[in-house]
Amino acid sequence: MNRSTEGLIDFTAGTPAEGSLDVAWIHGTADEPRIQVHHYDEHTVILRQSKRTNYEAPFLFLLFGNERALLLDTGATADPELFPLRTTVDRLITEWLDGHPREQYGLVVAHTHGHGDHVASDAQFADRPETTVVAREEEAVRSFFGFGDHWPTGAVTFDLGGRALGVLGSPGHHRSAITVYDPWTGIMFTGDTVLPGRLYAFDFTAFRATLARLVVFAEAHTVVHVLGCHIEMTSEPGRDYPLGATYQPDERALQLTAADLAAVRDAAEAVAGRRGIHRFNDFVIYNEPRPVDQLRLMARGLAHKLRSALTRRRRTGVSPGSGTGHR
């Protein structure tokens, strides 16, 4: 879909624009690419890092406007040989500019939050012309987007050139977390705050307040999809993959709805005051996880890793006591 006047795309008419999430995401097979690229529409790209390079397999998002593009997150691997994010993004921008020529075109690299699996490839963009890389720290995020004294309760506008995004402060999982709303697609990008998986609420008071604000915002806007940055749930309700799983052949869909967002808010309210792990059909809330909760998570992940190693050994005919490893 290309609505343009003298080369400028109208990102306000007929919104939300039609897009597609009819895609089978890479999930850890031996022959999958390091980065999967899916065009939700002509101006919106979803990327997924392969579980073969990092078990976190985060999703990243590239949004094009008339004056600049926004890359949300840079993945979990710094090495461009293992994770060629800069090369991939440069190619996508070149392809977009081939269809929508501009004399100058910028790129902003920002983050849904500052955890390592979302910022690892920042350095790949450090020397890229016409590029701004927003630092991960809260002060840098607040300053760049212009929150001023309205952090985190206010919403600000970030304009890509006719494609005006709404940006909301979303602490709870991480101090510098933001949620980005795109009126063009009707997508709310929620980072690790809301996703089909483990919702680590390290500051539960802030987490509840964030969810309340997001639900109010969603009620006042057209939200077609809620997209987080990971899939950790299986297709079986209430069942998540173990921490560190590098093969997830039966994942739940990435996309959630505004109703799901409200369900997360309601679930968080229901478990307020009860630290620990709380399971629901499409997500698992970690309410200020205690050391024992983290140990259980890691123990389950280690047990899964050992079982997977034994399975690989059996398939290759190598006995565990042979002294020969298989990777």
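Values in this document were obtained by computation on a predicted structure and should not be read as measured data.

Student: I tried to follow empty space enclosed by the protein on my own but got confused; where do I start?
Tutor: Where empty space is left can be seen by rolling a probe of water-molecule size over the atoms. For the coordinates displayed, the defined rule picks out one cavity of 30 Å³ or more. Roughly 70 Å³ of volume is contained in the largest cavity. Along the walls of the largest cavity sit 13 residues, with Lys51, Tyr55, Arg198, Glu232 and Gln248 positioned nearest its centre.

Student: Any chance you could explain the sheet that holds strand β14 (residues 225-228) here in plain terms?
Tutor: Strand pairing in a sheet relies on backbone hydrogen bonds, with the paired strands running either antiparallel or parallel. Taken in spatial order, the five strands make up an open sheet running β9-β10-β11-β12-β14, and their pairing is mixed. The open sheet has two edge strands, β9 (155-159) and β14, and neither has a second partner. The sheet shows a mean angle of 25° between the axes of neighbouring strands, taken without regard to direction. Sitting on the sheet, helix α3 (residues 204-219) touches β10 (164-169), β11 (178-182) and β12 (187-191), and the angle it makes with β10 is about 155°.

Student: How should I be thinking about helix α5 (residues 291-316) in this particular structure?
Tutor: Two residues of an α-helix separated by three or four positions point the same way, owing to the 3.6 residues in each turn. Under the 1.5 Å per step criterion, the end-to-end length of α5 is 37 Å for 26 residues, consistent within 8% with the ideal 38 Å. Buried within α5 are the following residues: Asp293, Leu297 and Gly301. On its buried side, α5 packs onto β13 (198-201), β15 (276-279) and β16 (284-287).

Student: In this structure, what is going on with the nonpolar core? I would like to understand it.
Tutor: Side chains of a nonpolar character, in soluble globular proteins, are inclined to be buried together. Counting 29 residues, the largest nonpolar core has Ile46, Phe61, Leu70, Phe145, Phe158, Phe189 and Leu227 as its most contacted members. At the level of elements, β5 (59-64), β6 (68-72), β7 (106-110), α2 (138-145), β9, β10, β11 and β12 are the ones that each hand at least two residues to this core. Counting residues per element, this core draws most heavily on β5, at three residues. Contacts of Leu70, omitting those with residues within four sequence positions, involve Phe61, Leu62, Leu63, Leu107, Val108, Ala110, Phe158, Leu160 and Leu165.

Student: What's the story with the pattern of salt bridges in this structure? I'm lost.
Tutor: Where charged atoms from two side chains of opposite charge come close, those side chains can pair. Within this structure, the stated rule accounts for 17 salt bridges. Salt-bridge contacts for Arg86 lead to Asp90; the nearest nitrogen and oxygen are separated by 2.7 Å. With Arg86 and Asp90 both in helix α1 (residues 85-99), this residue pair falls four residues apart, about one helical turn. Residue Asp90 is classed as partly exposed on the basis of its relative accessible area of 23%. Of the charged contacts, one joins Arg142 and Glu138 as a salt bridge, the two residues approaching to 3.2 Å between their closest N and O atoms. Linking Arg142 with Glu138, this pair stays in helix α2, spanning four residues, or about one helical turn. Overlapping salt bridges, with partners in common, bring together Arg198, Glu232, Asp240, Arg279 and Arg300 in one network.

Student: Looking at this structure, I do not really get the packing of α3 against helix α4 (residues 258-270). What am I missing?
Tutor: Geometrically, a packed helix pair is captured by the angle between its two axes and the distance between the axes. Between α3 and α4, the shortest axis-to-axis distance is 9 Å and the interhelical angle comes to 150°. The pairing of α3 with α4 is recorded here as roughly antiparallel in orientation. Here α3 runs over α4; the crossing is left-handed. Residue-level contacts link Phe204, Phe207, Arg208, Leu211, Ala212, Leu214, Val215 and Ala218 of α3 to Ala258, Leu261, Ala262, Val264, Arg265, Ala268 and Glu269 of α4. Here the contact of α3 with α4 is composed, by residue class, of twelve nonpolar, no polar and three charged.

Student: When you look at the packing of aromatic side chains in this model, what are you seeing that I'm missing?
Tutor: For any two aromatic rings, the description comes down to two numbers: the centre-to-centre distance and the angle of the planes. Tallying each qualifying case throughout the model produces 14 aromatic pairs. Note on Phe61 and Phe189: the rings are 4.7 Å apart at their centroids and 55° apart in plane angle, and the pair reads as tilted. With Phe61 in strand β5 and Phe189 in strand β12, this pair connects stretches of sequence that are 128 residues apart. Each member of the pair Phe61 and Phe189 is classed as buried. Both rings, one in Phe147 and one in Trp151, keep their centres 4.9 Å apart while their planes meet at 85°; by these two values the pair is edge-to-face. Accessibility expressed as a relative area gives 11% for Trp151, which makes it buried. A network of ring pairs unites the aromatic residues Phe64, Trp96 and Tyr105 as a single cluster.

About the thresholds
Residues numbered from 1 in each chain as written. Predicted model: local features only at pLDDT ≥ 70, side-chain atom pairs only at ≥ 80, totals over all residues. Heavy atoms only, no water. 1 Å grid on protein atoms, 1.4 Å probe; cavity = no way out; pocket = protein on both sides within 12 Å on 5 of 7 lines; lining within 4 Å. Points joined across faces, edges and corners; volume = space filled by probe spheres on them. Pairing = 2+ DSSP bridges. Helix = DSSP H or I, 4+ residues; strand = E, 2+ residues; numbered from the N terminus. Axes fitted to C-alpha atoms, helices over the stretch in contact; angles between N-to-C directions. Contact = heavy atoms within 4.5 Å. Expected span 1.5 Å × (residues − 1). Buried < 20%, exposed > 50% of the residue type's maximum accessible area, 1.4 Å probe, protein only. Core = buried A, V, L, I, M, F, W, Y, C linked by side-chain atoms within 4.5 Å. Salt bridge = Lys/Arg side-chain N within 4 Å of Asp/Glu carboxyl O. Parallel < 35°, antiparallel > 145°, perpendicular 65-115°, else oblique. Left-handed = near helix turned anticlockwise from the far one by under 90°. Nonpolar A, V, L, I, M, F, W, Y, C, P; charged D, E, K, R; others polar. Phe/Tyr/Trp six-rings, centres within 6.5 Å; stacked < 30°, edge-to-face > 60°.

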